[in-house]
Amino acid sequence: MLGACGGGDGSGAPADSAPPTSPTSPATPTLTGKAIDGYLVGATVCLDQNDNGACDASEPTTVTDASGNYGLVVADSAVGKKILVVVDANTHDLSRPGYVFPSSFVLSAVVDGTPIQHITPITTMSQALIESGKSREAAQKAIVSLVGGVVNVKDDYIATGDNAANAFAAAVVDKILELAAGGRSDADTVRAVMNAIVTKGSIAAVTLADVNAAKTKPVYISDVDPSTLLADTMYTYAGTRSDFDANKLVSVAAIRRSWMLNGLTLQSNYEEQALSTDVWSPSSTGAAAVAYSFGQYALKTDGTWAPFTAASDIDGNLAVQAINGNIVTASDTVTGMPVRLEYRRTVLDGKSYVDAMPAGTQSDFLALLNGTFTTSTTGYAVITTRSMDSVTIRASTECHYGENPIIEDGVVQCPLLGTPANTYTSVQDVLTIGPVPFPPIGPGYLRFGPNGQLAVYDSSDASKILLDNTKISWSIYPRNPDVMVLNAKYEDIADADSMPLYLDILYDYRHTYRDLLKSGAKFVIALHNGHLRYGLLVPAGTEELTPLLKKQGFDQLTTVIKAALSTW
């Protein structure tokens, strides 16, 4: 019967025919997890291989099941790529029975090499903050501050019963839907909403204007090889130098700072260019002119004071220890302090020149920087973090409050507390020398009580307390007994300051005192060489984002900076 059915000469199948095959089994997913607002059913999930913020037909794609689960087959090379969850009217949220999403939007997470990853509004916010220029650690810290308590960004917060994270995530999604345009929120809009929430410190307070402003900011990407990048000189604007003669302005120069990797040393230098020339030349006074400082003494890792470091040499040379991806680990050659440098890339086409300026630049000067970068302009940034507290005493070019400075290490040393001619033996001698000025508050003076209690009062009215002992206290710094930390919240200092312009004075070319105090920095009183001096403690983990440009981009910026300086 088989032969008859075969037909022909009955000899069976032709010799060149292929043997029968079994159906191909689908590959086992290598990356699984949940898509969550509540659990999202019928949402499209994909690996965004080309980083365009959308699920393309050629990319690994699936749809979440009735419990919100997804499974994708991804290769090891997918680490660092985004997983996207596209939510639309066909998606059902198990926590909102019968609800129809009025607009589409995209949630995301970044493949980190672990086999189970959930995609939620919280993972989306984390990535949005990273792309705005924060490290992963700083992004998580910002989210924890908003949600409250302890939050693991990667958690399935429904399964863990984290009601605070669940409510926060739902409110974030509601804000995205509220501000959606034309029935959809693209990746840029979602990112902007997330960053606006963190900037405002509130979900409810975010407006469409906030989102539109956030959309104009650069998006920072981690695909940078520092060795290749720093083979060329990188530049950032560092400030201005103004020369006066009998109180008359006689010259102005723009100052830039350069970085280049030379072997295992990351070298830095200052250069300046007068408004009347197009030539950059080495600047021996630029660093001092920018931050009003001749230099500083810094606490080393062992708790002793480093030798005097001139302003031009601060962070001047870092000893590189390793380069891993876009991250450089190094140490400060003066203090031995471990330093982490994370490099990022951004597209500046059509972005404002303001986006390439240091954070502490005065707003009235930024307002004069008209125009945008031309096409094909790539920008960069470096996020610098130290793993130990940074404690410094500055040798200032400006003395206040009628101080009598001393000359030490060949430079002016201000400010001094107490009597400059005296030799003090303990930082706690400050308790006995009477009221001393407290720089962050314009009219404020420190007053120590008989039991060491501390208050700040108004210099023009001793009965007027600006900060009482519930708002300011002191403690001895563990790494050095000759450092007294003045503990006060930034908000209390800002509220008590009747001369707020002081807080906007530059501490260095990147930060104002306001920036640093907001980030958790504290003023200290330190005993150094027998003198009582003010200093600053910047906590470990504080991030410093510095915009960087190659020559082509910095030449564009120089033109508008010089035009602005000529009218400022």
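Since this is a predicted model, take the numbers as computed values, not measurements.

Peer 1: When you look at the pairing of strand β18 (residues 338-347) in this model, what are you seeing that I'm missing?
Peer 2: Sheet faces and side chains relate simply in a regular strand, where the side chains alternate between the two faces. Of the pairings in the sheet, the one linking strand β17 (residues 327-332) to β18 comprises 5 bridges and is antiparallel in character. Among the inter-strand pairings, A330 is bridged to a residue of β18, identified as V339. Where β17 hands over to β18, the hairpin turn is made up of 5 residues, of which G336 adopts a positive phi near 80°. As paired elements, β18 and strand β19 (residues 378-386) share 9 bridges and run antiparallel to each other. Each residue of the ladder has a partner; that of R340, found in β19, is T385.

Peer 1: Looking at this structure, I do not really get the side chain of T384. What am I missing?
Peer 2: Relative to the assigned elements, T384 resides in strand β19. Look at T384 and you get buried, because its relative accessible area is 7%. When residues no more than four places from it in sequence are discounted, the contact partners of T384 are V339, R340, L341, T542, E543 and E544.

Peer 1: For this particular structure, what's the right way to read the pattern of salt bridges?
Peer 2: Two side chains bearing opposite charge may form a pair once their charged atoms approach each other closely. Enumeration according to the criterion identifies 22 salt bridges in this entry. Across the pair K562 and D278 runs a salt bridge whose closest N-O atoms are separated by 3.5 Å. Separated by 284 residues along the polypeptide, K562 in helix α12 (residues 551-565) and D278 in the loop between β12 (265-274) and β13 (281-282) bring together distant segments of the chain. Note on K562: relative accessible area 12%, which makes it buried.

Peer 1: Got a minute to help me understand the packing of aromatic side chains in this structure?
Peer 2: Per the counting criterion, the structure on display carries 12 aromatic pairs. The interplanar angle of 55° and the centroid separation of 6.0 Å between the aromatic rings of W280 and F554 together place this pair among those described as tilted. Taken together, the positions of W280 in the loop between β12 and β13 and F554 in helix α12 put the pair 274 residues apart, joining distant regions of the chain. Accessibility assignment for this pair places W280 and F554 in one class, buried. Here the aromatic cluster, defined as three or more aromatic residues joined through ring pairs, consists of F438, Y513, F523 and Y534. Above the plane of the ring of Y39 lies K34, whose end atom (NZ or CZ) is 4.3 Å from the centre.

Peer 1: Teacher, can you tell me more about the nonpolar core here?
Peer 2: One broad trend across soluble globular proteins is that nonpolar side chains are buried collectively. In terms of nonpolar packing, the biggest core is built from 51 residues, with L40, I83, V85, F105, M125 and V172 touching the most fellow members. Secondary-structure elements contributing two or more residues to this core are β3 (44-48), β5 (69-72), β6 (82-87), β8 (104-110), α2 (121-131), α3 (136-147), α4 (163-178) and α5 (187-200). Excluding residues within four positions of it along the chain, F105 makes contact with V85, V86, V87, V173, I176, L177, S185 and V190. Core analysis: the second largest hydrophobic core is formed by 33 residues, I472, I493, Y513 and L517 among them.

Criteria and thresholds
- Residues numbered from 1 in each chain as written.
- Predicted model: local features only at pLDDT ≥ 70, side-chain atom pairs only at ≥ 80, totals over all residues.
- Heavy atoms only, no water.
- Pairing = 2+ DSSP bridges.
- Helix = DSSP H or I, 4+ residues; strand = E, 2+ residues; numbered from the N terminus.
- Buried < 20%, exposed > 50% of the residue type's maximum accessible area, 1.4 Å probe, protein only.
- Contact = heavy atoms within 4.5 Å.
- Salt bridge = Lys/Arg side-chain N within 4 Å of Asp/Glu carboxyl O.
- Phe/Tyr/Trp six-rings, centres within 6.5 Å; stacked < 30°, edge-to-face > 60°.
- Lys NZ or Arg CZ within 6 Å of the ring centre and 35° of its normal.
- Core = buried A, V, L, I, M, F, W, Y, C linked by side-chain atoms within 4.5 Å.

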